[in-house]
Amino acid sequence: MEKPRTFLGWAGFVFLLTVLAVIVMVAASIAFIFVVAVAIAGGVITLLLLLAKRGGD
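Here the structure is a predicted model, which is why all the values come from computation and not from measurement.

What counts, and where the lines are drawn
Residues numbered from 1 in each chain as written. Predicted model: local features only at pLDDT ≥ 70, side-chain atom pairs only at ≥ 80, totals over all residues. Heavy atoms only, no water. Helix = DSSP H or I, 4+ residues; strand = E, 2+ residues; numbered from the N terminus. Rg over C-alpha atoms; globule rule 2.2 N^0.38 Å. Phe/Tyr/Trp six-rings, centres within 6.5 Å; stacked < 30°, edge-to-face > 60°. Buried < 20%, exposed > 50% of the residue type's maximum accessible area, 1.4 Å probe, protein only.

Caption draft 1: Fine view of the overall build of the protein. Counting secondary structure elements, the protein contains 1 helix and 0 strands. Its C-alpha atoms give the protein a radius of gyration of 24 Å, clearly above 10 Å, the size a compact globule of 57 residues would have.

Below you can see the structure in the form of structure tokens.
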């Protein structure tokens, strides 16, 4: 990859990196929300199973 020679070229390169970073952050946020949702669902299912088992005694 050729290095940009002008200030505008550098500004464009930095802008591109910034856009890339924002895309990565948004993807990470979505993944984090998904992981939290799965963890909460697992906790609720575990709690329901424990209560059902306890209630059967």
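Caption draft 2: Representation of the packing of aromatic side chains within the structure. Counted by the stated rule, this structure contains 1 aromatic pair. Relative to Phe 13, the ring of Trp 10 lies with its centre 6.1 Å away and its plane at 80°, an arrangement referred to as edge-to-face. With Trp 10 and Phe 13 both in helix 1 (residues 7-55), this residue pair falls 3 residues apart, about one helical turn. Residue Phe 13 is classed as partly exposed on the basis of its relative accessible area, which comes to 28%.

Honestly, that's just the spatial picture; any functional story needs more than this.
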